[in-house]
Amino acid sequence: MQRVTGSLIEMSPGSYDDGMHGYPQSGSYNTEPFQHEHTGIGKEQQSKDSIFFRDGVRRIDFVLSYSEDDKKMEKRQMFEANLQKVGLELEVEDKTEAEDGKTYFVKIHAPWEVLTTYADVLKVKVPFKAIDIPTKKEWKWLVNPFRLPKHIMHPDPEVYTACFDKSKSDFFLIDDRDTFFPPSTRNRIVYYILSRCSYVADDCEKDKRGIKRLLNNGTYSSAFPLHDCRYWTKSHDPNCESQRHALYKHWAGFLCFYKEQPLNLIRKYYGEKIGIYFAWLGFYTEMLFIAAVVGTLCFLYGYSTFENNVWRKEICDNSIGGKMVMCPLCDHKCTYWKLNITCISTWQAHLFDNPATVFFAIFMGIWVTLFLEFWKRRQSRLEYEWDLVDFEEEQQRLQLRPEFENHCTLRKINLITQEMEPYLPITSKLTRAFVSGVTILFWISLVICCIMGVIAYRLAVYAAFASVMKDTNIDGTFMTPQLATSVTASSINFIIIMVLNVMYEKVAVWMTDLEIPKTHMEYENKLTFKMFLFQFVNYYSSCFYVAFFKGKFVGYPGDYVYMFGQGTKLRNEECEPGGCLIELTTQLFIVMTCKQLWGNIQEALVPWLKNWWSSRKTKKHPESLYTRWEQDSDLQIFGSLGLFDEYLEMVIQFGFITLFVASFPLAPLLALLNNIIEIRVDAWKLTTQFRRPVASKVHNIGAWDEILSGIAILSVVTNAFIMAFTSDMIPRMVYMYSYSDDMSLKGYVKHSLSVFQISDFQKQNEPDALLNPKWFVDIKTCSYQDYRYPPNHEKKYQHTFLFWHILAAKLAFIIVMEHIVFTVKFFVAWMIPDVPADVRVRVKRERYLVAEYLHTYEVEKLKGQISQMNDSAPL
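Notes on the structure follow. (Residues numbered from 1 in each chain as written. Predicted model: local features only at pLDDT ≥ 70, side-chain atom pairs only at ≥ 80, totals over all residues. Heavy atoms only, no water.)

Another aspect to go through is the overall build of the chain. Broken down by element type, the chain carries 27 helices and 14 strands. Counting every position in the chain, which comprises 875 residues, the buried fraction comes to 53%. Look at the contacts in the chain between residues 6 or more apart in sequence, and 79% of them connect residues 24 or more apart. Carbon and sulfur atoms make up 61% of the accessible area of the chain, which amounts to about 40500 Å² in all. (Helix = DSSP H or I, 4+ residues; strand = E, 2+ residues; numbered from the N terminus. Buried < 20%, exposed > 50% of the residue type's maximum accessible area, 1.4 Å probe, protein only. Contact = heavy atoms within 4.5 Å. Areas by Shrake-Rupley, 256 points an atom, 1.4 Å probe, with all protein chains shown as cover.)

We now examine the state of the cysteines. As enumerated under the stated definition, the model contains three disulfides in all. The side chain of Cys316 participates in a disulfide bridge whose partner is Cys343; the two sulfur atoms lie 1.9 Å from each other. Handedness here is read from the sign of the S-S torsion; for Cys316 and Cys343, about 100°, the answer is right-handed. With Cys316 in helix 11 (residues 310–316) and Cys343 in helix 12 (residues 343–352), this pair connects stretches of sequence that are 27 residues apart. (Disulfide = S-S within 2.5 Å.)

Residue placement: Lys412 occurs in strand 9 (residues 411–413). A relative accessible area of 41% means that Lys412 is categorised as partly exposed. A sequence separation of 10 residues divides Lys412 from Pro422, and the C-alpha atoms of the two residues are 6.5 Å apart. What Lys412 contacts, discounting residues up to four positions off in sequence, is Glu419, Met420, Glu421 and Tyr423.

On to the packing of aromatic side chains, then. Enumeration according to the criterion identifies 67 aromatic pairs in this entry. Pairing Phe371 with Phe654 gives two aromatic rings, centres 5.7 Å apart and planes at 40°, and the pair type is tilted. Here the residue Phe371 occupies a position in helix 13 (residues 355–385), and Phe654 occupies one in helix 21 (residues 644–659), the gap between them amounting to 283 residues. Relative accessible area serves as the criterion here: at 0%, Phe654 is assigned to the buried category. Lying across the ring of Trp775, Lys338 places its NZ or CZ 4.7 Å from the centre. When the ring centre of Tyr269 is taken as origin, the NZ or CZ atom of Arg692, which lies over that ring, is 3.7 Å away. (Phe/Tyr/Trp six-rings, centres within 6.5 Å; stacked < 30°, edge-to-face > 60°. Lys NZ or Arg CZ within 6 Å of the ring centre and 35° of its normal.)

Our focus in this paragraph is the pairing of strand 1 (residues 62–67). With five of its six residues buried, strand 1 lies for the most part within the structure. In the sheet, strand 1 pairs with strand 3 (residues 103–109) via six bridges, with the strands oriented antiparallel. By the bridge assignment for strand 3, Ser65 is matched with Phe105. Sheet topology note: the strand 1/strand 6 (residues 222–224) ladder contains three bridges and is antiparallel. Bridge pairing links Val63 to Phe224 in strand 6. (Pairing = 2+ DSSP bridges.)

Contact pair helix 10 (residues 272–305) / helix 13: the axes reach a minimum separation of 10 Å and the direction vectors enclose 165°. When the axes of helix 10 and helix 13 are compared, the pair comes out roughly antiparallel. For the element pair helix 10 and helix 13, the recorded crossing hand is right-handed. (Axes fitted to C-alpha atoms, helices over the stretch in contact; angles between N-to-C directions. Parallel < 35°, antiparallel > 145°, perpendicular 65-115°, else oblique. Left-handed = near helix turned anticlockwise from the far one by under 90°.)

Taken together, the side chains of Leu597, Ile601, Leu605, Trp608, Leu609, Trp612 and Trp613 present a nonpolar region at the surface, about 750 Å² in accessible area. Within the secondary structure layout, Trp608 lies in helix 19 (residues 581–614). (Patch = residues over 30% accessible without salt bridge, like charges linked within 9 Å, V, L, I, M, F, W, Y side chains within 5 Å. Salt bridge = Lys/Arg side-chain N within 4 Å of Asp/Glu carboxyl O.)

So, about the packing of helix 2 (residues 112–121) against helix 6 (residues 183–196). Running from amino to carboxyl end, helix 2 crosses helix 6 at an angle of 80°, the nearest separation of the two axes being 10 Å. On the basis of their axis angle, the class for helix 2 and helix 6 is roughly perpendicular. For the pair formed by helix 2 and helix 6, the contact residues are Val114, Leu115, Tyr118, Ala119 and Val121 on the first element and Arg186, Ile189, Tyr192 and Ile193 on the second. Its residues assigned to classes, the contact of helix 2 with helix 6 shows eight nonpolar, no polar and one charged. (Nonpolar A, V, L, I, M, F, W, Y, C, P; charged D, E, K, R; others polar.)

In this model, helix 26 (residues 801–831) (31 residues) spans 45 Å end to end at C-alpha, consistent with the 45 Å of a helix rising 1.5 Å per residue. By the burial criterion, the buried members of helix 26 are Leu802, Ile806, Lys810, Phe813, Ile814, Met817, Glu818, Val821, Phe822, Lys825 and Val828. (Expected span 1.5 Å × (residues − 1).)

A few words on the sheet that holds strand 3. Strand order in the open sheet formed by four strands is 2-3-1-6, and the pairing between neighbours is antiparallel. Each edge of the open sheet carries a strand with a single partner, namely strand 2 (89–93) and strand 6. Within the sheet, the average angular offset between the axes of one strand and its neighbour, ignoring direction, is 20°. Where helix 1 (residues 70–85) meets the sheet, its contacts fall on strand 1, strand 2 and strand 3, and the angle it forms with strand 1 comes to roughly 165°.

Quick look at the side chain of Ser436 now. Along the chain, Ser436 falls in helix 16 (residues 426–471). The contact partners of Ser436, leaving out residues within four places of it in the chain, are Met511, Glu515 and Lys530.

Another point: the pattern of salt bridges. Considering all chains together, one arrives at 30 salt bridges under this definition. For Asp353, the salt bridge goes to Arg732, with nearest N and O atoms at 3.3 Å. With Asp353 in the loop between helix 12 and helix 13 and Arg732 in helix 24 (residues 729–739), this residue pair connects regions lying 379 residues apart in the sequence. Looking at Asp353, the relative accessible area reads 2%, which means it is buried.

We now examine the nonpolar core. Inside soluble globular proteins, nonpolar side chains tend to come together where they are buried. Among the nonpolar cores identified, the biggest contains 145 residues, and Trp251, Trp280, Tyr284, Trp367, Phe371, Tyr540 and Phe656 are the most heavily contacted of them. When residues of this core are assigned to their parent elements, the largest contribution, 16 residues, is made by helix 10. When near neighbours in sequence (up to four residues on either side) are disregarded, Trp367 contacts Tyr284, Met287, Leu288, Ile290, Ala291, Phe654, Ile657 and Thr658. Judged by nonpolar contacts, the second largest core, of 48 residues, contains Leu64, Trp112, Phe128 and Phe180. (Core = buried A, V, L, I, M, F, W, Y, C linked by side-chain atoms within 4.5 Å.)

Look at helix 18 (residues 520–548): 39 Å from first C-alpha to last across 29 residues, which is about the 42 Å you get at 1.5 Å a residue. Helix geometry: helix 18 is bent most strongly at Tyr540, by close to 50°. (Bend = angle between axes of the 7 residues up to and from the residue.)

At Ser242, a residue that is not glycine, the phi angle is positive and equals roughly 55°. On the secondary structure map, Ser242 appears in the loop between strand 6 and helix 8 (243–252). On the basis of relative accessible area, Ser242 is assigned to the buried category, the value being 5%. Of note in the backbone geometry, Asp387 takes a positive phi value of approximately 60° without being a glycine. As for its placement among the helices and strands, Asp387 is situated in the loop between helix 13 and helix 14 (391–398).

Attention shifts here to the environment of Asp768. Positionally, Asp768 belongs in the loop between strand 13 (753–757) and strand 14 (781–785). Here the alpha-carbon distance between Asp768 and Lys333, two residues 435 residues apart in the chain, equals 6.5 Å.

Spelled out as structure tokens, the structure:
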């Protein structure tokens, strides 16, 4: 592009303050209404993809839009006058030239003087020397099929950077002022000014400041930076980079699913915050490939060995399982049944409940550690490459939320900076935290009540399903009352989850706003923990119930346990002889799959439908009259919390594939397939359906990192308990090694069942005689799954020694498995350094060069001053 030589608006002395607000000192405002600048170039002569003022030179860094409203005119004019005072240049597009004939567009350009001033204030890192350390060699033949073109992957050369200093501008590599600051940095600087600029003449009114307030009160209808072109084609302007089109072509297309992501271009166009998210999502998906392969092999092992499953054969054998009469599974409406009707469900259980599952549970405990440790290394490399190494302190100090500054009228001295800063009194903090905490507890209690309702539904309808299936002669081989109850309850639970999510999200934002966090990072962290805590209970509570409570507290036929007492007639659910693991698998599959399908459909379809609806009228006019700012204005808004839902969705998925993976080894495969689609759907909607978001800098994934670490630790415990108490693995192992004559599972089924005398049934438990099957003749006993003494024993219906033997084995397994996995986890974490060696070298090299070059620069500058003084001194 050409250098800006046009008519810059002259700034009066003192227009720039100390940099903490980004607006003129009080008293320096020109209270005359701002008159918009017009030129003689008509709309027909201007390219629809133009991202410049009508002079074709000054780049549009931000756009404001509004509809005419006399009540808001004074605020708007004062705000624009104050923007002009700090050096921004404005140009208006009259409503008569707009597509709808109602909307004004105010285009904003930040000249070099403004950019350099605020780059100094915000400590923007810029290049000062090319990289002089050679990069590592790669196996090109192996990675080339997955590579993108070099100009897409590395749009800028590798350089050493340092914080910009306006007084030392000749120290940096400034080849072209118009391209020195990328568009993402330019719009971040302009938004910083907009967020802190007052819209009244008296700057002392702290609550009369910022573009957010003007958007909320309707003074402006929108504020956004521009996309640089249409996504489906390059811009005709040679000065336009057309990075949006490059991202759409090489990143958003589904056919690029096997290609690496152009992270550097994403960062350059959208900023570091969005770049970090896609870097994390891509890395997570790559690591899922390993887990998916191992999980699939474990599933295939179960599929290939079910024919050799001795205890399954016994259940399906008419001479063994066909002669075992089982006690009713509910009161009155359920009748006696034969064990062989569970043949299919027993086969299904073996697919997931086999010796390979133990290996996979231990493997996933190690995998999650490798994922977190290698992500730290990947993140540290991005921090260096994207100039985020020392960013955290800058963000905390400089990016105070305007809402915090507006609400906090009290000031105190910061002991570090020795400057006055706003603060919230401790009494106000405690009060707000208390209200927030009580609200969170109320909503979590509401979720628990809903889960209890679903459990009550399961208990209530089980008998109904059993009766209906008997009356309609439904084949119980493929559809059992347990399966029908599980599927319908899981579906109802999913609907409840989605409804509560929509309601709670608004409450969580309200609670976080109530607490008035100081910085943007603090705001996001508070909202993150609130939302995840709720989502954790909302999504996982049903899985925890099936895994750790169902079938564990049922009593026995003579003394059943009832939910909320015997008067409710809601008898606690029992597990099938195959165990509750298959039901946990069903629950996990339904909730996880439905959530992912619904999420992807919602993410892709809803923005598209909204944009289609809002842009219908534009198709009635020639496309050549539809300008870049009008096209972007019709797109959806990508808010400051736009990535929050994306992170939350992936972290909830991460919980599913780690906390309960012992019950469903195919969960990583489902997650992998979903994430391959997720990356491209997110990329597509970001490049095509949303306005360009304001660039934002972060140096990591924030509070999500701590949440992932917490889930990783908890997953070891949950999987150990699933293997011990939900799976039948331990009882089978105890029988095989301690009670079997030939070290096999022959006779295990009969060994795992206890006998009950039918005449001992209490009246409220006894099944209706009219429902008894035809084969139920002269049968005196029935079997149930437990380890209790028979009715003719002196310890009638009490737990046998075998029960305590198995319980001890389960507890021992939990302790051993947890110690093994935690030991390996900590060893792996200790062995893998968080920062790669070459990154440490580059960071040290950059810091050394900054100090060395600045020293040389200052010495040469001093020498020049001394020489100039000597030359001008009188002889």
